[in-house]
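Per-entry structural report
Here is how the chains run, residue by residue.
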Amino acid sequence: MYTKKVMKHFTHPKNVGEIKNADAKVMEGSLACGDIISLYLKINPKTHVIKDIKFKSYGCAANIATTSIMTEMVKGKTIDKMKKLEFKDITKALGGLPPMKIHCSVLAIDALKSAIRNYEEKHGLAKPEDLNESILRSRLRHVMDPKHGKDIVTLGVVQDVKFKKGVVTLLLEISKDDESYSHIMHEIEERIAYIPGVKKIEKNFID
Ligand code: FES
């Protein structure tokens, strides 16, 4: 079912692990299967070259292989160039993937794009967009609850999103005793606090 190259990257994946003090760090989940990967980037602040990249995958063989080869493809390249990388580029580099495993390569690319976007927003490099509630909601779709392998919009944690004069007001349904509570609160900040145009996030909770 898999090419030799896929098997090579699956059995001997490159750049596995974490980067301490990473310049960008994301946890991304697949809407198709619920698997999750964490991606860490170290970026040269002057040249914007990706100096280092590491990952951890809680996905399948195809996801480990596609993320592994993707890390090799992006290391040493600029974030501008790598924003244009597509899942087709990495599946091609692996000699192809079975059609039902294409979404595993999409997960690798989604994580890369989220990490780059997060870096650009934190460093004032992102172009301001016409921010609205649906954009904010789509960003929150990237916040995963690792316990369920689903995002917080799908899980119903996000009950409402409002945006007015730079203030994001969220209505959330989650208990402070939930084991994912701190992780989710941190990820919400990471995903939306740095978007150009966001001045403040107010979180309200359903009792
Ligand atoms: Fe989930 Fe491959 S089946 S990442």
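1. Examining the nonpolar core
Counting residues in hydrophobic clusters, the biggest one holds 31 residues, and the most contacted among them are Leu-39, Leu-41, Ile-50, Met-70, Val-74, Leu-85 and Leu-112. Counting only elements with at least two residues in this core, the list comes to strand 1 (24–29), strand 2 (36–43), strand 3 (50–57), helix 2 (61–74), helix 3 (79–82) and helix 5 (102–122). Examining the composition of this core, we find that nine residues originate from one element, helix 5, more than from any other. The residues contacting Leu-39, other than those within four sequence positions of it, are Ala-24, Lys-25, Val-26, Ile-53, Lys-54, Phe-55, Thr-67, Met-70, Ala-111, Leu-112 and Ala-115.

2. So, the sheet that holds strand 7 (residues 167–172)
The pairing of strands in a sheet happens through backbone hydrogen bonds and is either parallel or antiparallel. Strands sit in the order 6-7-8 across an open sheet of three strands; the sheet is mixed. Unpaired on one side and paired on the other, strand 6 (158–164) and strand 8 (200–205) mark the two borders of the sheet. Neighbouring strand axes in the sheet, compared pairwise and without regard to direction, differ in orientation by 15° on average. Two strands pair when backbone bridges link them, and strand 6 and strand 7 are joined in this way by six bridges, in the antiparallel orientation. Residue Lys-164 lies in a different strand from strand 7, and its bridge partner there is Val-167.

The rules behind each value
Residues numbered from 1 in each chain as written. Predicted model: local features only at pLDDT ≥ 70, side-chain atom pairs only at ≥ 80, totals over all residues. Heavy atoms only, no water. Core = buried A, V, L, I, M, F, W, Y, C linked by side-chain atoms within 4.5 Å. Buried < 20%, exposed > 50% of the residue type's maximum accessible area, 1.4 Å probe, protein only. Helix = DSSP H or I, 4+ residues; strand = E, 2+ residues; numbered from the N terminus. Contact = heavy atoms within 4.5 Å. Pairing = 2+ DSSP bridges. Axes fitted to C-alpha atoms, helices over the stretch in contact; angles between N-to-C directions.

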